[in-house]
Amino acid sequence: QVRLVESGGGLVQTGDSLRLSCAASGRAFSSNAKAWFRQAPGKEREFVAAIDWNGSMTAYERSLKGRFTISRDNAKNTVNLQMNSLKPEDTAVYYCAASNRATEERTGVMWWTNWGQGTQVTVSS
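Residues numbered from 1 in each chain as written. Predicted model: local features only at pLDDT ≥ 70, side-chain atom pairs only at ≥ 80, totals over all residues. Heavy atoms only, no water.

Q: When you look at the overall build of the protein in this model, what are you seeing that I'm missing?
A: Scanning the protein from terminus to terminus reveals zero helices and eleven strands. Its helices and strands taken in sequence order, the protein reads β-β-β-β-β-β-β-β-β-β-β from the N to the C terminus. Whereas a compact globule of 125 residues would reach a radius of gyration of roughly 14 Å, the protein reaches 13 Å, a difference of no more than 12%. For the protein, the spread of C-alpha atoms along the principal axes amounts to about 40 × 25 × 25 Å. The buried share of the protein, taken over its 125 residues, is 40%. Considering only residue pairs separated by 6 or more positions, the protein has 59% of its internal contacts joining residues 24 or more positions apart. Surface accessibility of the protein: about 6500 Å² in total, with carbon and sulfur atoms responsible for 47%. Of the charged side chains in the protein, 15 are positive and 11 negative, and the gap between their average positions amounts to 4 Å. (Helix = DSSP H or I, 4+ residues; strand = E, 2+ residues; numbered from the N terminus. Rg over C-alpha atoms; globule rule 2.2 N^0.38 Å. Buried < 20%, exposed > 50% of the residue type's maximum accessible area, 1.4 Å probe, protein only. Contact = heavy atoms within 4.5 Å. Areas by Shrake-Rupley, 256 points an atom, 1.4 Å probe, with all protein chains shown as cover. Lys, Arg positive; Asp, Glu negative; His and termini not counted. Charge placed at Lys NZ, Arg CZ, Asp CG, Glu CD.)

As structure tokens, this is what we get:
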């Protein structure tokens, strides 16, 4: 099915910015909704942001809206997550996910069918 590979993670300081990228292959990239999730040590995987097939609709975890921005470039088969004003509590493995639907507004992990291996983001205090 869809293969996803995340990149762009690293070690940064509080207040810094990072831009994560997700490269996709397999089924036509433009036909699927995409999302970012994250999982911190000892915590459940949580929803970060999602974007529909053509980028016309986006959804964010309420507490992150304004700091994080999701975007996609179907011509390049990529989905990006711009993260600004990073905090230590943003430290987590960030995962790119794909839905089998063109539009997916549900935030539960169960509704997203394909996952990348994740990229580590560490924010020092």
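Q: Even after reading the chapter, I still don't get the environment of Ser125, so can you show me in this structure?
A: Relative to the helices and strands, Ser125 is located in the segment after β11 (119-124). Separated by 79 residues in sequence, Ser125 and Glu46 place their C-alpha atoms 22 Å apart.

Q: Is there a simple way to explain the nonpolar core in this structure?
A: General note: in soluble globular proteins, nonpolar side chains tend to be found buried as a group. Residues Trp36, Val48, Phe68, Leu81, Met83 and Tyr94 are the most contacted members of the largest nonpolar core, which totals 25 residues. Sorting the residues of this core by element identifies β3 (18-25), β5 (46-51), β7 (68-73), β8 (78-83), β9 (92-98) and β11 as the ones contributing at least two each. If you look at the next biggest cluster of nonpolar residues, it comprises seven residues, including Ala33, Ala35, Phe47 and Ala50. (Core = buried A, V, L, I, M, F, W, Y, C linked by side-chain atoms within 4.5 Å.)

Q: Would you explain the packing of aromatic side chains in this entry?
A: Scanning the entire structure with this criterion turns up four aromatic pairs. Here the aromatic rings of Phe37 and Phe47 are separated by 5.6 Å at their centres, their planes lie at 80°, and the arrangement is edge-to-face. Placement of the pair is Phe37 in strand β4 (residues 34-39) and Phe47 in strand β5, with a sequence separation of ten residues. You'll find Phe37 and Phe47 in the same group, each marked buried. Between Phe37 and Trp112, the aromatic rings sit 6.2 Å apart at their centres with planes inclined by 70°, giving edge-to-face as the arrangement. (Phe/Tyr/Trp six-rings, centres within 6.5 Å; stacked < 30°, edge-to-face > 60°.)

Q: When you look at the sheet that holds strand β1 (residues 3-7) in this model, what are you seeing that I'm missing?
A: In sheet architecture, strand pairing relies on hydrogen bonds along the backbone and comes in two forms, parallel and antiparallel. Sheet architecture is open: four strands sit in the order β1-β3-β8-β7, paired in antiparallel fashion. The sheet is open, and its two borders are formed by β1 and β7, each paired with just one other strand. Taking the axes of each pair of neighbouring strands and ignoring which way they run, one obtains an average angle of 15° across the sheet. (Pairing = 2+ DSSP bridges. Axes fitted to C-alpha atoms, helices over the stretch in contact; angles between N-to-C directions.)

Q: I'm lost on the pattern of salt bridges in this one. Help?
A: Pairing is possible between side chains that carry opposite charge, provided their charged atoms lie close to one another. Inspection of the entire model under this criterion finds five salt bridges. Note that Glu46 and Arg38 form a salt bridge whose closest N and O atoms lie 2.6 Å from each other. Classification of Glu46 by relative accessible area gives partly exposed; the value is 34%. According to the relative accessible area criterion, Arg38 is buried, its value standing at 7%. Ionic pairing is found between Arg67 and Asp90, a salt bridge with its closest N-O pair at 2.8 Å. (Salt bridge = Lys/Arg side-chain N within 4 Å of Asp/Glu carboxyl O.)

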